[in-house]
Amino acid sequence: MLFSEIAYGLIHSRRFGASLGMEIMPLTHKLCTFNCVYCECGWNAPLNHPVLPTREEVKCALEKKLQTLQQEGTKPDVITFSGNGEPTLHPDFKAIIEDTCALRDQYCPSAKVSVLSNSTQLGRADVVEALRLCDNRILKLDAATDEMMRRIDMPVQKELTVQTLMAWLKQFNGDFILQTCFLRGEHNGQIIDNTTQEELEAWYKAVEQLRPKQVMIYVIDRKTPEEHLEKISREQMERIAAPLRAKGFDVSISA
Ligand code: SF4
């Protein structure tokens, strides 16, 4: 599933409410630094010269969409950057966020600006600064062991470690939302399961170190590129959330 417009929606999202979606990756291909087994956009494809919308095109598309919504007498709850890959890869990401916050202030000041990111670009100062301008930084950590993170997310940068991701995430001093997709299955003969006792213990420890303001856990919801994946039940997601809730963490479940 790919998004073919820069500004789309409103989409009534199970996690975010009435969301105006922003696509700043190529409109015809996925471009990502992960290749998650559960990605709704499918597997990464070779992309030699990715064509990204320019800062100006993004600004114009958003303003036009906000004007249309205003004429229709409606407003988004949230302006959400996600879509066909990893939005922080855009070379003008920070400027785009600055434009977005200015347009939000002009047309719908109560709307939040949110970015869903896979956390892999948090080593770049401009990306961290841009994310700090947003209301919600929703940052991925699918597993807290290198082995399982690599099996689930298949980072393009193969040497990426959980330790590096953790160090980057700590830059926000807990002022972010942590997102984790729980799943089980198999890919290329390897077991995928971040719900085992060992994996959960490592993940709980990571959450306690990061102390995010919210933890969003969710399950696969649509068709996935790897077919041999299993959706985790609501009951099991409640059991996964319970120890964190008991310690005072705000945990939301989309299942
Ligand atoms: S990080 Fe997101 S866009 Fe990238 S492969 Fe994973 S699910 Fe897909």
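Whatever comes next refers back to the structure up there.
Figured I'd write up the structure that's included with this text. (Residues numbered from 1 in each chain as written. Predicted model: local features only at pLDDT ≥ 70, side-chain atom pairs only at ≥ 80, totals over all residues. Heavy atoms only, no water.)

Moving on: the overall build of the chain. Looking only at helices and strands, the chain has seven helices and 10 strands in total. In terms of overall dimensions, the chain is globule-like: its C-alpha atoms have a radius of gyration of 18 Å, near the 18 Å expected for 255 residues. By principal-axis analysis of the C-alpha atoms, the chain measures approximately 50 × 45 × 35 Å. Taking all 255 residues of the chain together, the buried fraction comes to 53%. (Helix = DSSP H or I, 4+ residues; strand = E, 2+ residues; numbered from the N terminus. Rg over C-alpha atoms; globule rule 2.2 N^0.38 Å. Buried < 20%, exposed > 50% of the residue type's maximum accessible area, 1.4 Å probe, protein only.)

Before going further, it helps to examine the site of the ligand. By nearness alone, every residue bordering the ligand is listed as Lys30, Cys32, Phe34, Asn35, Cys36, Tyr38, Cys39, Gly85, Asn118 and Lys140. By residue class, the composition of the shell around the ligand is five nonpolar, three polar and two charged. (Near = heavy atom within 4 Å. Nonpolar A, V, L, I, M, F, W, Y, C, P; charged D, E, K, R; others polar.)

Time to look at the environment of Ile24. Along the polypeptide, Ile24 turns up in the loop between β2 (17-22) and α1 (55-71). Remark: the alpha-carbon pair of Ile24 and Leu47, spanning 23 residues in sequence, is separated by 16 Å. Ignoring anything within four residues of it in the chain, the contact list for Ile24 reads Leu52, Pro53, Val58, Phe81, Pro87, His90, Phe93 and Ile96. (Contact = heavy atoms within 4.5 Å.)

To continue, consider the environment of Asp153. Checked against the element boundaries, Asp153 lands in helix α4 (residues 146-153). In this view, Asp153 contacts Phe34, Asn35, Cys36, Tyr38, Lys140 and Asp142; residues no more than four positions away in its chain are not counted.

Our next topic: the environment of Ser19. Along the chain, Ser19 turns up in strand β2. Each residue touching Ser19, except ones within four places of it in the same chain, is listed here: Tyr8, Gly9, Leu10, Ile11, Val78 and Thr80. At 2.8 Å, the side chain of Ser19 and the side chain of Thr80 are in polar contact. (Polar contact = N/O pair within 3.5 Å; in protein donor to acceptor, adjacent residues only side chain to side chain.)

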